[in-house]
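Structural description and commentary
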Amino acid sequence: MNLPPVAIAWFGAMILFGVGLYGLLVVRNLIKLVVALQILAKAAMLAFVAAGYAQQQMGLAQSMIALIIVADTVVAVIALALAVQVRRRYGTLDVRQLTALRG
Amino acid sequence: MVVHPFLWLILIPLASAPLVYLAGRLGGSAVARGLALLALLLTGAPLIITAQDLISQATLTVALGMVQLKFDGLSLLLAVVALGLGACASVFSIPYMAGELGEEKYYAALLGMIGFIIGLGCAADLFNLWVWFEAMAVSSYMLVAFYRDQPASLEAGVKYLVQSAVGSVLVLLGIAAVFGETGRLTLNHTTTATTGLLAAGALMTVGFGVKAALVPLHTWLPDAHAQAPSGISAMLSGVVIEAGLIALLRAISPVLGEDSTARFGQLLLLFAVLNMTLGNVLALKQTQVKRMLAFSSLGHVGYMVLGFGAAAYTGQLAAAQGSMFHLLTHGLMKGLAFLSAGALLYALYVANGTHGPLTVQDLNGASQRYPLVALTLSVAVLGLAGLPPLAGFMSKWQIFVGGVQADDPLLVVLVVFAALNSVLSLAYYAPLVNALYRRVPSEAVQHGKAVSWAMMAPLVILSALVVVLGVWPALVDGLSGPAARALLAGWQ
Amino acid sequence: MAALLIALAIALPWAGALAVWVAGDRRPRAQHGLAVFFAAAGGLCGLGLLGVPSSETVIRVPVGGVFGDFTFVPDGLGIFLAAIATVIGSMAVLFSVEYMKGEAQLGRYYAFVLLFIGAMAGLVLTSSLLLLFFFWEITALTSYALISFHNDDPKAVAGGIKALVITQLGGIGLLVGALVAYVNLGSYDIGLFLARSHSLPPQVLTVIAFGFLVAAAAKSAQVPFHTWLPDAMEAPTPVSALIHAATMVNAGVYVLARFSPAFEQVAGWSTAVALVGMVTALLAACMAVVTDDLKRVLAYSTVSQLGYMVFAIGAGSALAGSFHLLSHAVFKALLFLGAGAVIHAIGTRDMRQMGGLGRQMPWVSSMFLVGACALAGIPPMNGFWSKELVLETALGHGAWWGFVALLVGAGLTALYTARMVWSVFFGAPRAHHHAHDAGPAMRIPLVLLAFGTLTTWLLFGPFAHMLAEVLPGVHDESTLAFAVHVMTDPATWLAMGIVAGGLLLWHIRARLAALVGRLSLAAQVAAEGFGFETVNRFVTQAVRSTATALQRTQTGDLSWNAVGIVGALILVLILLAWGGIP
């Protein structure tokens, strides 16, 4: 079997996406949740690689990915800062404890 | 190189955001406040120039290297709402946030958010749109979780961040799919949508839908909008979710073709029904004022999506224009509602050093001590309910005209459904107003502190606008018309 | 001239609302004075309008876009209702000076009353469907605010919200009708709509006609929307007199009369209107017989009399409906204000605690009696003449079933009127009250309205002339000819016999006790509102339980929220694939 590289990249992106979503749905720990978000973001980046390769526009794709990495890092930093605060106020990182607001 | 002054609309708030932060750090929070207000005032000048130039031209373009920025009617509408409401929220925040830890960060993030929203309106390609959107989101995360020693505020911030981040990833995947399928990222419609493009459309609809609070992606909204500082609640409900909606509507243009436009229209109509139902029904059960207003925002997103969906479904300009008008009036009314509720929250709780949620019970008899705030809050919620002579009546009317004009039985049924929802919303707005005018003041009102003029000034201005637009709706035809045409230009 | 008067009739009361609000609750005397001044000035404008009838558009403000032109036309139908709204409005305001003395939050009270007066004048004078709906909703808003005026009383709050929700629910009919008319004609102009209604597709006209009927039924408290009006009696009594008897509840009748020339061609519309009116007239009369709350009796009687008007329009005579509207507005305002004076004096609305008040309140009781005679249909009061005209319409247009039903209704009306008058003013006092008679601010409106009750029927000639120019099919007839033809009609004498029978029934009530005992079940059903209250409760309950069920979906659990996102993504993908994958 001889898969074209584009298909492999798409396939990888989908697997990463699935893993990230799975993590999002089942993980309780806030830090692990941030990791799941990171995996999801990596899926998106890989998808850009695939798209850029398919369209023969790797330069454009790379510059976009660079921006995504920056944005993604900023979000991760804020998320971790919040996680620190949560640990301080609640004494736990379990997101299922964070259900005061509902209904 | 001569660049059009609309660039200053984005540059002034964005450049002044770090300055405000530094000034606050070095010179104290009073300097930060003054500088922030000055920046917003200065931004008004390019706004006026740009608006005048837009009369003769449909779009203004600026190219910065590879990136292009386009300013059209929709950008103008978004800029006007963001800047106007942002200015009101900033003035309101002067007494509200005075003495809070990290006040300079607050103003810096608020300015940044305003700049990013204006930029989002000018984005000319998909990826650029995402960048602005993400920047706006990041600034709003900081503002939602501003009270970081409050557990409720932290909880809201965490949920908001995680859900928005997931939405953002979905958008990116959608953009990648469009890019991989067509090799271009421009915000123009296509001829025929392929499977890949449809999937991309789905990803982007859901991704931006998280930020626009489409049901069932809305779950973060009541938490975030209720827990944020009141000035920010006004911005989030009045501009940010609308910006998300505009981003959604612009982003799906590359996947709209002859066969898929109507299909996306139907999808939007479905979301409209879900939003109106869930928002209004759940608002009925709320006991906290800000949370009730947050749920009502879900319903109002439903009205807007109804108009936009009808426009996509049938190609009607009138429906889209009605939604644009409603976007504006909802910004005014919901901003007014949150600021008024915030003024009461401040007087009854914050000024007394507590962070208790403002419940409907607390409002009992508030009109006796705070007659003006009670009046503005009543104007806001009655306007949201769509009663004349207030702006909400006219904007809903315009959406309904657009819906019926399409001459499609489905849309007539949806218009009736939307009208039923308006009636249902009275069942939670009316008790709110009743409570305000009760004779026996609540415990909280009795111990309440005074509300300063800086808080009341924005309330008076917004109420006046809500009444004026309720009597003379055509005043803003010059905003809503070009905005609707600009949106549809990308679709057809 | 007409343009100025229209503008003033709307703007003066509204300016008054603002002035009273600005004056502030710390200066009640200024508030009373300002309110009376502006209301009376509005009343003068309303009367002045009667002198300049015209079917031309005298005010046209082009707003543009989908909002069309804001237009006003002072035609016969409009100016007579505007005159009722502003004149009775100023009497209610004058009455309030004494009735509301010493109440807190007068600013809110007067502001909403004046806002209402202006909006009501606008509602009947505008010729734009958009503005019609606009003013329609403002009257609903003011009605709600005034019913709930005593905000600390949960019954008042509930009554206000019920009134608001039910009338708004019906208002959707008007909304959809107006939108459909606009979309098909490209204009909101009512005159244009009436002129071109023949060219509209039949199904479009049907939607509009029945939409308007639903709205009118809700506003005029017709079956099945009638349940809000009795609960609206928590409002201060001058408000009940003005809004819930003399003016706002007539808006539905007005809309039906205004549009009946266009809707008569719609199959089944006239019959439906007549049926709604007839059923309402009968059911409400039954409920009035078994109610013990003085204001609720009057409320049911209002519903019943509105049924007469609606029936008349359905039977084909907008003139009879409008004429009865005029009579009813005057005598029912009189009755409500009289009842207000009684309630103000003794502090209860329960008729079982009244009795024998006639000797203590001679002024009020004699004026009330005039109004009661008109309600019962006893000559020469205005109520007699207009009711006979309605009955004659029923017979003349071949609706004999309606005639029979309305005759029974007339008998019931006489019965409950006799019961009400007797329990309040005659017989032995059932509770110890120190009642004082009405003061001057109450007496002036009472006397003026009593005078009107005795005389407005003399205006039949000019009234018919005025309406003949607006409504096709209305014959110009002099008052004398009208009086002669009513008095020579055998139906009149039959009706008078029935009314006498109703009065007699009250007289011999003791001997009928056994029969009444057997009818107690029926009385219970009537007191429960013939099951319509159950429907209301069911709907409210259904919405509440839906809300509770949906509330469980908002768990606050982040993983569950993520399920929402993933689920939505799957749903959207499925839905987009539904139409076929390209």
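Note that the structure is a prediction, hence the values are computed from the model and not measured. (Residues numbered from 1 in each chain as written. Chains lettered and ligands numbered in written order. Predicted model: local features only at pLDDT ≥ 70, side-chain atom pairs only at ≥ 80, totals over all residues. Heavy atoms only, no water.)

1. A closer look at the overall build of chain B
Operational definition: A helix here means a DSSP run of H or I that spans at least four residues, while a strand means a run of E at least two residues long, and both kinds are numbered starting from the N terminus. Each radius of gyration is computed over the set of C-alpha atoms, and the globule rule expresses the reference value as 2.2 Å times the number of residues to the power 0.38. The classification of residues rests on relative accessible area computed with a 1.4 Å probe and restricted to protein chains. Under 20% of the type maximum is buried, over 50% is exposed, and intermediate values are partly exposed. The Shrake-Rupley method, run with a 1.4 Å probe, gives the accessible areas here. Residue values count only the displayed protein chains as cover.
Summing up its helical and strand segments, chain B has 19 helices and two strands in all. At 21 Å, chain B has a C-alpha radius of gyration in line with the 23 Å of a compact globule built from 492 residues. Considering only C-alpha atoms, chain B reaches an extent of 65 × 55 × 40 Å along its principal axes. Within the span of chain B, comprising 492 residues, buried residues form 71% of the whole. Accessible surface for chain B amounts to roughly 13200 Å². Of this, 67% is attributable to carbon and sulfur atoms.

2. Thoughts on the overall build of chain A
Basically, it comes down to this: Contacts between residues were defined by any pair of non-hydrogen atoms, one from each residue, lying within 4.5 Å.
Helices and strands together make up the secondary structure of chain A, namely three helices and zero strands. Its C-alpha radius of gyration of 17 Å places chain A more than 25% over the 13 Å reference for a compact globule of 103 residues. For chain A, with 103 residues in total, the buried portion stands at 44%. Put simply, of all contacts in chain A between residues at least 6 apart along the chain, 59% involve residues at least 24 apart. Approximately 5400 Å² of chain A is accessible, and the part contributed by carbon and sulfur atoms is 67%.

3. Considerations on the interface of chain C and chain B
This is how it is decided: Defined here as a combined quantity, buried area equals the accessible surface (1.4 Å probe) lost by two parts on assembly, summed across both. A pairing counts as a salt bridge when a side-chain nitrogen of Lys or Arg comes within 4 Å of a carboxyl oxygen of Asp or Glu. Any N or O atom pair separated by 3.5 Å or less is treated as a polar contact, with the protein-specific requirement of one donor-capable and one acceptor-capable atom, and with residues adjacent in sequence counted only for side-chain atom pairs. In this count, Pro and Cys sit with the nonpolar residues alongside Ala, Val, Leu, Ile, Met, Phe, Trp and Tyr, while Asp, Glu, Lys and Arg are called charged and the others, Gly among them, polar.
Chain C puts 63 residues into the contact, and the matching count from chain B is 72 residues. Of the roughly 6000 Å² buried at the junction of chain C and chain B (both faces included), carbon and sulfur atoms supply 76%. Where chain C packs against chain B, one counts two salt bridges. The salt bridge involving Glu103(C) is made with Arg439(B); its shortest N-O contact spans 3.7 Å. Run the count over chain C and chain B and you get 14 residue pairs in polar contact (both at pLDDT 80 or more). Mapped onto the side of chain C that touches chain B, the elements with two or more residues apiece are strand S1 (59-62), helix H5 (129-147), helix H6 (154-185), helix H25 (532-551) and helix H26 (558-578) of chain C. Counting residues per element, the side of chain C that touches chain B draws most heavily on H6(C), at 14 residues. Its residues assigned to classes, the side of chain C that touches chain B shows 43 nonpolar, 16 polar and four charged.

4. Thoughts on the side chain of Lys159(B)
As for its position among the elements, Lys159(B) is in helix H6 (residues 151-182). Judged by relative accessible area, Lys159(B) falls into the buried class, the value being 1%. Of the polar contacts made by the side chain of Lys159(B), one reaches the side chain of Glu155(B); its length is 2.7 Å. When neighbours within four sequence positions are excluded, Lys159(B) is seen to be in contact with Leu98(A), Leu101(A), Trp220(B), Asp223(B), Gly556(C), Leu558(C) and Asn561(C).

5. Observations concerning the nonpolar core
Stated formally: What makes a nonpolar core is a set of buried Ala, Val, Leu, Ile, Met, Phe, Trp, Tyr and Cys residues whose side-chain atoms join them at distances within 4.5 Å.
Core analysis: the biggest nonpolar cluster contains 474 residues, and Trp397(B), Phe193(C) and Phe263(C) have the highest contact counts within it. Top element by residues in this core is helix H14 (residues 318-346) of chain C. It accounts for 20 residues. Leave out the neighbours within four places in its chain, and Phe263(C) touches Phe193(C), Leu205(C), Ile208(C), Ala209(C), Phe212(C) and Trp269(C).

6. What about the packing of H14(C) against helix H17 (residues 382-396) of chain C?
All names here are of chain C. As a reminder of what qualifies: Throughout, an axis means a line fitted to C-alpha atoms (over the contacting stretch in the case of helices), and angles, computed between N-to-C directions, take values from 0 to 180 degrees. Note on angle classes: values under 35 degrees are labelled roughly parallel, values over 145 roughly antiparallel, values of 65 to 115 roughly perpendicular, and the remainder oblique. Should the near helix be turned anticlockwise from the far one by less than a right angle, the crossing is termed left-handed; should it be turned clockwise, right-handed.
Two elements in contact, H14 and H17, have axes separated by 9 Å at closest approach and are oriented at 155 degrees. Classified by the angle between their axes, H14 and H17 sit roughly antiparallel to one another. Considering the relative orientation of H14 and H17, their crossing is left-handed. Contact residues: Ala 320, Phe 323, His 324, Ser 327, Val 330 and Phe 331 in H14; Asn 382, Gly 383, Trp 385, Ser 386, Lys 387, Leu 389, Val 390 and Thr 393 in H17. Of the residues in the contact of H14 with H17, the class split is seven nonpolar, six polar and one charged.

7. Some thoughts on the interface of chain B and chain A
Much of the literature gives interface size as the accessible area that the parts lose upon coming together. Of the residues lining the interface, 41 residues belong to chain B; the matching set on chain A comes to 38 residues. Carbon and sulfur atoms make up 81% of the surface buried where chain B meets chain A, a total of about 3200 Å² over both sides. Considering only the surface of chain B that becomes buried against chain A, Phe127(B), Glu155(B) and Phe179(B) emerge as the three largest contributors, covering 19% of it. Seen at the junction of chain B and chain A, the total is seven residue pairs in polar contact (both at pLDDT 80 or more). For the side of chain B that touches chain A, the secondary-structure elements that each account for two or more residues are helix H5 (126-144), H6, helix H8 (221-227) and helix H11 (289-314) of chain B. If one sorts the elements of the side of chain B that touches chain A by residue count, H6(B) sits on top with 23 residues.

8. Topic: the pairing of S1(C)
Residues and elements named next belong to chain C. Rules: We treat two strands as partners when DSSP finds at least two bridges between them.
Examined bridge by bridge, S1 and strand S2 (residues 69-72) share four bridges and lie antiparallel to one another. Looking at the pairing, Ile 59 lines up with Phe 72 of S2. Taken together, S1 and the strand that follows it, S2, pair antiparallel across an intervening segment of six residues, in which Gly 64 is found at a positive phi of about 90 degrees.

9. Points about the confidence of the model for chain B
Counted only if it meets this: Known as pLDDT, the predictor's per-residue confidence is scaled from 0 to 100.
This prediction gives chain B a mean pLDDT of 93; 100% of its residues lie at or above 70. Overall fold confidence (pTM) sits at 0.95, and the ipTM for the predicted complex is 0.96.

10. With respect to the packing of aromatic side chains
Note the cut-off: Stacked, tilted and edge-to-face are the three classes assigned to paired rings of Phe, Tyr and Trp, where Trp is represented by its six-membered ring and a pair needs centres within 6.5 Å; plane angles under 30 degrees give stacked, over 60 edge-to-face, the rest tilted. Comment: the charge-over-ring label is applied if NZ (Lys) or CZ (Arg) is within 6 Å of the ring centre and within 35 degrees of the ring normal.
For the structure on display, the rule yields 44 aromatic pairs over all chains. Summarising the aromatic geometry, the rings of Phe95(C) and Tyr99(C) are spaced 6.0 Å apart at their centres and angled 25 degrees between planes, so their arrangement reads as stacked. A residue pair is termed a helical-turn pair when its members lie 3 or 4 positions apart in one helix, as Phe95(C) and Tyr99(C) do in helix H3 (residues 76-99) at four residues. Following the ring pairs from residue to residue traces out a cluster consisting of Phe393(B), Trp397(B), Trp14(C), Phe72(C), Phe133(C), Phe134(C), Phe135(C), Tyr182(C) and Tyr188(C). Looking at Arg439(B), its charged tip hangs above the ring of Phe149(C), at a distance of 5.3 Å from the centre. Here Lys387(C) stacks its cationic end above the ring of Tyr308(C), 5.6 Å away from the centre of that ring.

11. Remarks on the environment of Leu77(C)
All names here are of chain C. Note that Leu 77 resides in helix H3. Residues Leu 77 and Val 303, spaced 226 residues apart in sequence, show a C-alpha to C-alpha distance of 22 Å. Setting aside residues no more than four positions away along its own chain, Leu 77 makes contact with Tyr 254, Ala 257, Arg 258, Ser 322, Leu 467 and Val 470.

12. Here we look at a nonpolar patch on the surface
Definition in use: A patch consists of residues exposed above 30% relative accessible area that lack any salt bridge, with like charges linked at up to 9 Å and nonpolar side chains (Val, Leu, Ile, Met, Phe, Trp, Tyr) linked at up to 5 Å.
Residues Leu372(B), Leu375(B), Val460(B), Leu18(C), Trp21(C) and Val22(C) make up a contiguous nonpolar surface patch of about 520 Å² in total accessible area. Secondary structure elements with two or more residues in the nonpolar patch: helix H14 (371-384) of chain B together with helix H1 (2-23) of chain C. What makes Leu375(B) partly exposed here is its relative accessible area of 30%.

13. A word on H5(B)
Residue and element names in this part refer to chain B. The test is simple: Given a helix with a known number of residues, its expected span is that number minus one, times 1.5 Å.
Here H5 is 19 residues long and its end C-alpha atoms lie 26 Å apart, about the 27 Å a rise of 1.5 Å per residue gives. Summarising burial for H5: 16 of the 19 residues are buried, a large majority. Looking at where H5 begins, the residue whose side-chain oxygen comes 3.0 Å from the main-chain nitrogen of Phe 127 is Asp 125.

14. Thoughts on a positive patch on the surface
Condition: His residues and chain termini do not enter the charge count, which takes Lys and Arg as positive and Asp and Glu as negative. Think of each charge as sitting on NZ of Lys, CZ of Arg, CG of Asp or CD of Glu.
Together, Arg88(A), Arg89(A), Lys105(B) and Arg148(B) make up a region of like positive charge exposed at the surface. The residue Lys105(B) is located in helix H4 (residues 103-122) in this model.

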